[in-house]
Amino acid sequence: MSKIEDVKVLVETGKSKKVAAAVQEALDAGDKAQDILDAMIASMGVVGDKFSSGEIFVPEMLIAAKAMSKGVEVLKPVMAGDGSSSLGTCIMGTVAGDLHDIGKNLVVMMLESAGFDMVDLGVDVPADKFVEAVKENNNVVLVACSGLLTTTMPALKEAVQTIKEAYPDMKVIVGGAPVTQEYANEIGADGYAPDAGSSAAKAKELIGA
Amino acid sequence: MLTIRENLLETMKGGNPDRFVKQYEFIDLIMEVPLGLEFNYGQTWKDHWGITWQWPEGQLGMFPVHHDGLAVIQDITEWKSVVKKPAIATSDEAWAPAIAHANAVDRKEKFATAFFAPGIFEMTHHLMGMENALMALYEEPEAMQELIDYLTEYELEFAAVMMEKLKPEAILHHDDWGSQISSFISPEMFEEFFVPSYKKIYQFYKDNGVELIIHHSDSYAANLVPYMIEVGIDIWQGVMNTNNIPELIEKYGEKITFMGGLHSGTVDYPGWEKEVVKKQVEETCKANGHKYFIPCQTSGLPIENFEGVIAYIDECIDEMSKEEF
């Protein structure tokens, strides 16, 4: 098995204590940092698909994301200054009045693993704060808004509409237990993902990556 | 006409109920149990385990808070130095309201039902945050097992006092085991870490005279139903439609009853509409039938967020009983 294949397996199976060494071995063996990163991103794609299909559960996804981040730590100094690996910045938060963070955190991990630079605004984020974050950060290509309560659906709508008013071309993706594709269409969001596993693929599709 | 109690039992054994069971009607819930739970709308506070809670104004519920170093457990391997079981109230004074309630229950009609929350799984993530709790099951399984055993010990100690004071016939026990679309952990992991604890807890109740174990998890958990049966759950309250309830009834109905089918978020909302509620009650009653199924809001307590919903759901269930019986 090639060193890159080792890395892929370790990420997929969430072996965070072994990934760093495996990434270093792959680099030492002459594999390109970008190729190793691409392999890890592909692994997380597999993890996301398995989560969406019910083959694996939240802990498996969490430990895979953690393993990937350990691998990325080794690659960062090697790839410093090379912006080619980033898909751009994504601003994410749970909308005003809603303190749920588990689903939002999972999506942050999956999008980060897919190559987005994530700016996590946390929970209970007012609509204006999303707009401010777009303004304050570089190369923002996507805003992701999460809402877990039926009572905060109006806040989700307000967030999407406020972002769209300020930045009509900005892509906005939404998700959360009570959200549906129909509701996403109704409030003017560009995309919707039913779970964290499928969020990365949808986000990439929205920005044409 | 059967009594409420008889009608429930007929439903649970797949016999001959003469109407649908109406939500929580068979339960006389003793919420006065001195669990030490606090519900402080619009406030931030620490509970008796040291867990920080927030209930934002305008919201329907409260949330444990773990950011900015507020989690009780920062390092699972060090849990013993920070997690201390709260004192269990044992005085007659502390239990007086609950005892008075228990004594007042018409046990011919309803089950005197003691309330316990939160369960073992929820306690693990309340103490350290969901992500850390879930990852710890992989990364520090021994420490997690010790913590789970410790929490189980607390529940059993509390249960012993509660049984002596109230002699309840049923327990309504909360522990959410999944999201709307999946269980939080795999069935294998659930079996390894949580089934042994729940077997001990629910067996203890059964050994001490409890007839009905009602477990609340308003989630998907179809993949955990065999374990629910194994640990002694009689009624799974909170079953969502994402579970394919008719299939569950067909497969497991003789061993467990399913209570739910009406998603609280889609019936109990600001400005709720009668036609929406009526349609959902009709759909769930027709899809799931009256054997091994109790139409009910998925909410874990017989309370409503917006006035009039519970009474209207009951009215709609009565209509369905006229139609289906």
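Residues numbered from 1 in each chain as written. Chains lettered and ligands numbered in written order. Predicted model: local features only at pLDDT ≥ 70, side-chain atom pairs only at ≥ 80, totals over all residues.

1. Points about the overall build of chain A
- Looking only at helices and strands, chain A features nine helices and five strands.
- Listing every helix and strand of chain A by position from the N terminus yields α-α-α-α-β-α-β-α-β-α-β-α-β-α.
- Relative to its length of 209 residues, chain A is compact, with a C-alpha radius of gyration of 17 Å against a globular reference of 17 Å.
- In terms of overall dimensions, chain A has C-alpha extents of about 55 × 35 × 25 Å along its principal axes.
- Considering only contacts in chain A between residues 6 or more positions apart, those separated by 24 or more positions represent 74%. (Helix = DSSP H or I, 4+ residues; strand = E, 2+ residues; numbered from the N terminus. Rg over C-alpha atoms; globule rule 2.2 N^0.38 Å. Contact = placed C-beta atoms within 7 Å.)

2. Things to note about the overall build of chain B
- For chain B, the count of helices and strands is 13 helices and ten strands.
- Scaling as 2.2 N^0.38, a compact globule of 325 residues should have a C-alpha radius of gyration of about 20 Å, and chain B matches this with 20 Å.
- Residues classed as buried in chain B amount to 46% of the 325 residues present.
- Contacts spanning at least 24 positions in sequence make up 70% of the contacts within chain B whose residues lie at least 6 apart. (Buried ≥ 20, exposed ≤ 12 C-beta atoms within 10 Å, placed from the backbone.)

3. Side note on the sheet that holds strand β3 (residues 140-146) of chain A
Residue and element names in this part refer to chain A.
- Pairing within the open sheet is parallel, and its five strands lie in the order β2-β1-β3-β4-β5. Edge strands, defined here as strands with exactly one partner in the open sheet, are β2 (117-120) and β5 (191-192).
- Note that strand β1 (residues 89-94) and β3 share six bridges and pair parallel. Looking at the pairing, Thr-89 lines up with Val-140 of β3.
- The sheet strands contacting helix α5 (residues 102-114) are β1, β2, β3 and β4 (171-175), and the helix crosses β1 at an angle near 170°. (Pairing = 2+ DSSP bridges. Axes fitted to C-alpha atoms, helices over the stretch in contact; angles between N-to-C directions.)

4. Thoughts on the UniProt feature "domain: Uroporphyrinogen decarboxylase (URO-D)" (unreviewed entry) in chain B
- Within this structure's numbering, the places UniProt gives as "domain: Uroporphyrinogen decarboxylase (URO-D)" (unreviewed entry) are residues 109-294 of chain B.
- Along residues 109-294 of chain B, the helical share is 53% and the strand share 16%, with 17 Å between the first and last C-alpha atoms. (UniProt positions renumbered as here; feature names shortened; annotations may be inferred.)

5. Points about the pairing of strand β10 (residues 293-297) of chain B
Residue and element names in this part refer to chain B.
- Burial runs high along β10: five of the five residues are buried.
- On β10, burial covers both faces: Phe-293, Pro-295 and Gln-297 on one face and Ile-294 and Cys-296 on the other are all buried.
- Alignment of strand β9 (residues 257-262) against β10, held across five bridges, turns out to be parallel. Of the residues in β10, the one forming a bridge with Leu-262 is Gln-297.

6. Here's the deal with the packing of helix α4 (residues 120-128) of chain B against helix α5 (residues 130-139) of chain B
Residue and element names in this part refer to chain B.
- Where α4 meets α5, the closest approach of the two axes is 7 Å, and the angle between their N-to-C directions is 120°. Handedness of the α4/α5 crossing: right-handed. Taking contact as the criterion, the partners of Thr-124, His-125 and Met-128 in α4 are, on α5, Met-130, Asn-132 and Ala-133. (Left-handed = near helix turned anticlockwise from the far one by under 90°.)

7. Structural notes on the interface of chain A and chain B
- With 19 residues of chain A in contact, the opposing surface of chain B contributes 24 residues.
- Where the side of chain A that touches chain B is concerned, the elements lending two or more residues are α4 (58-79) and α5 of chain A.
- If one sorts the elements of the side of chain A that touches chain B by residue count, α4(A) sits on top with five residues.
- Its residues assigned to classes, the side of chain A that touches chain B comprises ten nonpolar, six polar and three charged. (Nonpolar A, V, L, I, M, F, W, Y, C, P; charged D, E, K, R; others polar.)

8. Let's talk about the domain arrangement of chain A
Residues and elements named next belong to chain A.
- In terms of domains, chain A is made up of domain 1 (3-80) and domain 2 (86-206).
- Computed from C-alpha atoms alone, the centre-to-centre distance between domain 1 and domain 2 is 25 Å.
- At the level of secondary structure, the elements contributing two or more residues to the side of domain 1 that touches domain 2 comprise α3 (33-52) and α4.
- The element best represented in the side of domain 1 that touches domain 2 is α3, accounting for seven residues.
- Among the residues forming the side of domain 1 that touches domain 2, the class breakdown is seven nonpolar, three polar and one charged. (Domains from an automatic or database assignment.)

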